[in-house]
Amino acid sequence: MSYLDSLNDVQRQAVEQTDGPVMIIAGAGSGKTRVLTYRIAHLIQKGVEPFNILSLTFTNKAAKEMQHRIQAVCGSEARNVMMGTFHSVFSRILRVESQKIGFPSNFTIYDTEDSKSLLRTILKEQNLDDKVYKPNTVFNRISAAKNRLISYKEYIANPNYMADDRAALRPEMGKLYQMYQERLIRAGAMDFDDLLFYTYKLFNEHPDVLNKYQHKFKYIMVDEFQDTNIAQYNITKKLAAMNRNICVVGDDAQSIYAFRGADIQNILNFEKDYPELKVLKLEQNYRSTKTIVEAANNVITKNKAQLKKDVWTSNESGEKIHVYRAASDNEEGRIIAQTIFENKMNMQLRNKDFAILYRTNSQSRSFEEALRKLNINYKVVGGMSFYQRKEIKDVLAYLRFVLNDQDEQSFRRIVNFPKRGIGDTTIAKLFVIADEQGTTVWDILCNVKSIMTGRLVPVIEGFVDLIKSYKILANTKDAFEAANEIAKQSGLLKELYEDKTVEGIARYENVQELLNGIKEFVDRPDQEDKSLGSYLQEISLLTDTEKDKEDKDSVTLMTIHSAKGLEFNQVFVVGIEEDLFPSAMMLNSRADLEEERRLFYVAITRAEKRLTLSFATSRYRFGQLKSCSPSRFLEEIDPRHLQMTSITANSIGSQESGPAFSGIKPKTAAATVQVKAKVAPAYTPSEDFKPSDTSNLMIGMKVEHPKFGYGEVKNIQSNGTDRKAVIDFKNLGEKTLILSFAKLRIH
Ligand code: ATP
Ligand code: MG
């Protein structure tokens, strides 16, 4: 069996140990997924029926890839293995069994948007304020309950939940959960979380059904085990209870979905639930160069909460990790696109050997633009292309309609968004009248009094006045000022700002990022026509060149969250700046910081041969050019693994200077100095170092930091609970420190 020869001893042991519970918790790139794949192949080779094997993966794409590999060993038989994500596998089971729990077999699956729109309807019927009961918040709360297997009955009966909701001024939450659930049932629909919740219920209430699937799935495999939630864990446990042939693989250091209810506790529970458990350790990394593996180790050891692991590799040391410092986010985009362009040529690589990974979706814009300009194919994974996102389209629809009031599609998007009470029936009626009169809807709106009376007249007149005032803005201001005002005055920004869920924050950031892009457009020294019209034209041309590039050889752009389990020859982890990564929005506790650090660990361990980390020293955020400081994560990597390169706008830029972009390779004098300063700061902390209380820290105070040495406070910034100090350190220059983390002694 030749595939066994491509495994090391422990991997082989894991593959051959087919019976009984097995757990492998091991570092990135150590072959966990490969072990699962070959384990399935091995089972089939040993004569186990493919129908008796269940393999649960993080994405369906990962499942496909696995299947492909198994087919290479076992042939088409492999198709009969049940494989996919928890959601897809359980939805297949529910299709067969749903009648037993009161659902039709052709039940509908509601996606998140459907769910939220149902919640909106219920809120309206109940006369509940959707500013207090934000559909997103309500949805997330219900989702969290379901992922913990808590039914609405249990929810309502739980005094703690009820107290929480009262404290959050949402006492009706339990009732909403109940109504939402009843409406789903009435509609014969399940939301995503129901696919888990009802599978558990099915197995719990119907031992005969459970028994059937226990017999069917004699062997169970779970990849990315660290990110399973309570519902997933408990269903798997039930399925495995009879044969106890379950193999889970994962890496606690890569647990990055706590905010979605993933529970790392599952790893610890697994040992308790299966006392006969065989635990195997994989320590050799096959994916990355020594430099990358060591850097990843440097980073992850900073986390307190982790299981001990030694990861090493016999791969070559490889290149140092490149650190690019760019003057702005747009320059960061240009530098990286240009580097990809050059490395492709020089190293004979394809587009798909490159990935650009970022913390939040909104960062994709500058890279998309820069790659387009160099004609490099790319695909944005796990999210739509920036300009296709709903919130971006909504803003652009306003801008388009202001410039062209015949644009019906844009009109339909904005007339009742944010909500003004102009319903679908009214809109349809307006279109009919416009047709009859041989004119545009806008004309009709402008003379609304001549076609109707009543409550809607002032509403429509208000809308018309708004658009007219925007038209004036568009004619008198530059594109940024106009767009910024329109986004604010229309209520769009406010609506997004008030939504504090993870998705809501991302949408708000996306709109800010669009505005940043417009600001960058008007600030361009060579941009003569700074009008909104000129901007929209540029954007339309960009979007028009976008084609479906699914099958093409493309550079991958994605968030780190969606990069889990993947590997690329060259990886660019971008936006390594304080506030962005670690994300200021997410940073409320040490546990949050550790989750951000695990995310950083996931990011850097995706790289095989060459890793580049980049940061910008300034970035448009919230429509303003802000200066940024490099992320603390950069300092956690041993400086001898890093090669710092400072690039100014002049050393790259236009396409003419493109191929001569080797400015990046020779280390500039400035860069060398910076690295040196990092390697040997001439400061040793005093032994009796004790941090002071920083609540009275003031500009001008002299301070000492255990790592950065002596410095002086230059500025203090405070937004809400988050206080930061800009400190000029003697050895290092200015740094911005978050005071809740910074250990400082005041002198
Ligand atoms: P992650 O934690 O990122 O999911 P992993 O532990 O699942 O990583 P794999 O993706 O299975 O790691 O393996 C990483 C790379 O190393 C893959 O390209 C895989 O084919 C290769 N690899 C694993 N084991 C071996 C081996 N024994 N010999 C050669 N290559 C190997
Ligand atoms: Mg893997």
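The protein has the name DNA 3'-5' helicase in an unreviewed UniProt entry, where Cytophaga hutchinsonii is given as its organism. A UniProt comment under Sequence similarities (unreviewed entry) is attached to the protein, and it reads "Belongs to the helicase family. UvrD subfamily."

**Notes on the site of ligand 1**
Of all residues adjacent to ligand 1, which total 18 residues, the nearest are Gly 31, Lys 32, Thr 33, Arg 34 and Tyr 286. Among the elements that take part in the shell around ligand 1, helix α2 (residues 32-45) stands out by supplying 3 residues, more than any other. Residue classes in the shell around ligand 1 are distributed as 3 nonpolar, 10 polar and 5 charged.

**Overview of the nonpolar core**
Counting residues in each nonpolar core, the largest one holds 76 residues, and the members touching the most others are Ile 24, Ile 40, Leu 54, Tyr 177, Ile 220, Met 221 and Val 248. Top element by residues in this core is α2. It accounts for 7 residues. With 58 residues, the next largest nonpolar core counts Val 293, Ile 321, Ala 563 and Ala 616 among its residues.

**What to know about helix α9 (residues 173-186)**
Across its 14 residues, α9 extends 20 Å between first and last C-alpha, which sits within 8% of the 20 Å expected from 1.5 Å per residue. Backbone geometry just downstream of α9 places Gly 188 in the positive-phi region, at approximately 60°.

**A word on the confidence of the model for the protein**
Residues at a pLDDT of 70 or more form 91% of the protein, whose mean pLDDT is 86. Long-range and interchain partners of residues 543-550, a stretch whose pLDDT sits below 50, account for 7 contacts in this model, where long-range means more than four residues apart. Here the predicted complex scores 0.71 on pTM and 0.99 on ipTM.

**Remarks on the sheet that holds strand β8 (residues 278-280)**
Within the open sheet, the 6 strands sit side by side as β3-β2-β6-β7-β1-β8. Their pairing is parallel. Since the sheet does not close on itself, it has two edges, and those belong to β3 (82-84) and β8, each with one partner. Adjacent strand axes in the sheet meet at a mean angle of 10° when their direction is disregarded.

**With respect to the packing of helix α17 (residues 390-403) against helix α22 (residues 479-489)**
Their axes nearest at 10 Å, the elements α17 and α22 cross at an angle of 115°. The chirality of how α17 crosses α22 is right-handed. On α22, the residues that touch Val 395, Tyr 398, Leu 399 and Val 402 of α17 are Ala 483, Ile 486 and Ala 487. The class makeup of the residues in the contact of α17 with α22 is 7 nonpolar, no polar and no charged.

**Some words on the packing of helix α10 (residues 192-205) against helix α12 (residues 230-240)**
Look at α10 against α12: their axes get within 9 Å of each other, and the N-to-C directions meet at 30°. With respect to α12, the axis of α10 lies roughly parallel. α12 is crossed by α10, and the crossing has left-handed handedness. Here α10 contributes Leu 196, Phe 197, Thr 199, Tyr 200 and Phe 203 to the contact with α12, which in turn contributes Ala 231, Gln 232, Asn 234, Ile 235 and Lys 238. Tallied by class, the residues present in the contact of α10 with α12 amount to 6 nonpolar, 3 polar and 1 charged.

**Side note on the environment of Arg 260**
Along the chain, Arg 260 turns up in the loop between β7 (246-250) and α13 (265-273). Looking at Arg 260, the number of C-beta atoms within 10 Å reads 14, which means it is partly exposed. Note: C-alpha distance between Arg 260 and Thr 228 (32 residues apart in sequence) is 9.8 Å.

**Quick word on the environment of Val 73**
Mapped onto the secondary structure, Val 73 falls in helix α3 (residues 60-74). Sequence separation between Val 73 and Tyr 3 is 70 residues; the distance between their C-alpha atoms is 7.7 Å. Apart from residues lying up to four places away in sequence, Val 73 is in contact with Tyr 3 and Ala 41.

**Structural notes on the UniProt feature "binding site: ATP" (unreviewed entry) in the protein**
Under the feature "binding site: ATP" (unreviewed entry), the UniProt entry names Ala 26, Gly 27, Ala 28, Gly 29, Ser 30, Gly 31, Lys 32 and Thr 33. On the secondary structure map, Ala 26 appears in the loop between β1 (22-25) and α2. Not counting residues within four places of it along the chain, the set of residues in contact with Ala 26 comprises Lys 32, Asp 251, Lys 281, Leu 282, Glu 283 and Lys 309. Position of Lys 32 relative to the elements: it lies in helix α2. When residues no more than four places from it in sequence are discounted, the contact partners of Lys 32 are Ile 24, Ala 26, Val 249 and Leu 282.

Here is what the cut-offs are and how they apply
Counting of residues starts from 1 at the beginning of each chain's written sequence and follows it residue by residue. Here the convention is simple: chains get letters from A, ligands get numbers from 1, in the order in which they are written. Where totals are concerned, whole chains, interfaces and linings use all residues; where local detail is concerned, this predicted model gives features only for residues with pLDDT of at least 70, and gives and counts side-chain atom pairs only at 80 or more. UniProt positions are given in the numbering used here, feature names are shortened, and annotations may be inferred rather than shown by experiment. By definition, a residue lies near a molecule or strand provided its backbone-derived C-beta atom is within 6 Å of it. Put simply, DSSP H or I for four residues or longer makes a helix, DSSP E for two residues or longer makes a strand, and each gets a number counted from the N terminus. We call Asp, Glu, Lys and Arg charged. Ala, Val, Leu, Ile, Met, Phe, Trp, Tyr, Cys and Pro are nonpolar, and the rest, Gly among them, are polar. We define the nonpolar core as any set of buried residues of the types Ala, Val, Leu, Ile, Met, Phe, Trp, Tyr and Cys, connected via C-beta atoms lying within 7 Å of each other. Put simply, a residue is buried when 20 or more other C-beta atoms lie within 10 Å of its own C-beta and exposed when 12 or fewer do; between those, it is partly exposed, and each C-beta is set from the backbone. Under the convention used throughout, the expected extent of a helix is 1.5 Å for every residue step, that is, one less than its residue count. The predictor rates its confidence in each residue with pLDDT, a number between 0 and 100. A pair of residues counts as a contact when their C-beta atoms, built from backbone coordinates, are within 7 Å of each other. One requirement defines pairing of two strands: DSSP has to find at least two bridges between them. Angles run from 0 to 180 degrees between N-to-C directions of axes, and those axes are lines fitted to C-alpha atoms, restricted for helices to the stretch in contact. Throughout, a crossing is termed right-handed when the near helix is turned clockwise from the far one, and left-handed when it is turned anticlockwise from it by less than a right angle. Note on angle classes: values under 35 degrees are labelled roughly parallel, values over 145 roughly antiparallel, values of 65 to 115 roughly perpendicular, and the remainder oblique.

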